[in-house]
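Spelled out from the first residue to the last, the chains are:
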Amino acid sequence: IALAGGERAIAPAARAVPGRLRWIYAGTAAITDDADETSPREPRWHRASQPEVWLWLELPPGALPPGAIDAAITLDGAPREPRAIAPAAVRHAASGALRLPLWVDPQLTGERARTTEQSRGRMIDHFEITIRSQAAVAREVWFEEDLRPFPRHVVHVGARPTTARDHVALPLTVGGAAVVHDQLAIDYELLP
């Protein structure tokens, strides 16, 4: 807004918005320049892994106006340092909820190993997932994996994962100072 020859930013008053905290382990590491890593038709696609488990704030659709966000978070009864979140960092969950990245949780680490089988007309990605916690309390950590962009796939896992258009999400509960392991397989039908 231009006032008296200068520009001023006017922010709305702070308000409480209901939301939930969600720990997410997206095990895929950043994409490299290697063509085998960037093409989803290649078995090596998204093979590299990273250990960070992020804490995200999820808000209902339309809960906030567009623009930068200042979030004050209380975790395990203790207030945390306020976080400024740029609009470019906000993501939309499959449910339509807004996801705001808060920080990497230093008490949680993830490990993901993937092997891929390929035969005529099929590709199967097998995942071994491990979440380690040094926290004093149990946490629900969502493992999220990008789906290859093939029109048909089947997810095989003991627990019931959530499947969105472009990824699969599997909730894992890890106790305080504990380790949890799980497996997941995604069977793709390769169309010409």
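The structure presented is a predicted model; accordingly, all values stated were derived computationally and were not measured. (Residues numbered from 1 in each chain as written. Predicted model: local features only at pLDDT ≥ 70, side-chain atom pairs only at ≥ 80, totals over all residues. Heavy atoms only, no water.)

(A) Spatial organisation of the side chain of E144. Along the chain, E144 turns up in strand β12 (residues 139-146). Using a relative accessible area of 12% as the deciding quantity, one classes E144 as buried. For E144, the side chain forms a polar contact with the side chain of R99, separated by 2.9 Å. Ignoring sequence-local partners within four residues, the contact set of E144 consists of I24, Y25, A26, G27, R99, H167, V168 and A169. (Helix = DSSP H or I, 4+ residues; strand = E, 2+ residues; numbered from the N terminus. Buried < 20%, exposed > 50% of the residue type's maximum accessible area, 1.4 Å probe, protein only. Polar contact = N/O pair within 3.5 Å; in protein donor to acceptor, adjacent residues only side chain to side chain. Contact = heavy atoms within 4.5 Å.)

(B) Region of interest: the nonpolar core. Counting 35 residues, the largest nonpolar core has L100, I131, V141 and F143 as the members making the most contacts within it. Elements with a contribution of two residues or more to this core: β3 (20-26), β4 (52-59), β5 (69-71), β10 (98-119), β11 (122-133), β12, β15 (167-174) and β16 (179-189). Residues in contact with V141, not counting those within four places in the same chain, are W23, Y25, V53, L108, I131, L170, P171, L172 and V174. (Core = buried A, V, L, I, M, F, W, Y, C linked by side-chain atoms within 4.5 Å.)

(C) Representation of the packing of aromatic side chains. If you walk through the whole model with that rule in mind, you get three aromatic pairs. Ring geometry for F150 against Y188: centres 5.7 Å apart, planes inclined by 75°, an arrangement best described as edge-to-face. In this pair, F150 sits in the loop between β12 and β13 (152-156) while Y188 sits in strand β16, placing the two residues 38 residues apart along the sequence. The exposure class of Y188 is buried, given its relative accessible area of 1%. Grouped by ring-pair contacts, the aromatic residues Y25, F127 and F143 constitute a single cluster. Between the NZ or CZ atom of R22 and the centre of the ring of W142, over which it lies, the distance is 4.5 Å. (Phe/Tyr/Trp six-rings, centres within 6.5 Å; stacked < 30°, edge-to-face > 60°. Lys NZ or Arg CZ within 6 Å of the ring centre and 35° of its normal.)

(D) Up close: the pairing of β3. Of the strand pairs in this sheet, β3 and β4 are connected by five bridges, and their pairing is antiparallel. Across the sheet, the residue bridging to L21 is L57, located in β4. (Pairing = 2+ DSSP bridges.)

(E) Focus on the pattern of salt bridges. All chains considered together, the criterion is met by eleven salt bridges. Its salt-bridge partner being E144, residue R99 comes within 2.9 Å of it at the nearest N-O pair. With R99 in strand β10 and E144 in strand β12, this pair connects stretches of sequence that are 45 residues apart. The two residues R99 and E144 agree in class, both being buried. Of the charged contacts, one joins R152 and E189 as a salt bridge, the two residues approaching to 3.0 Å between their closest N and O atoms. (Salt bridge = Lys/Arg side-chain N within 4 Å of Asp/Glu carboxyl O.)

Note that all results are geometric; they support no functional claim without further evidence.
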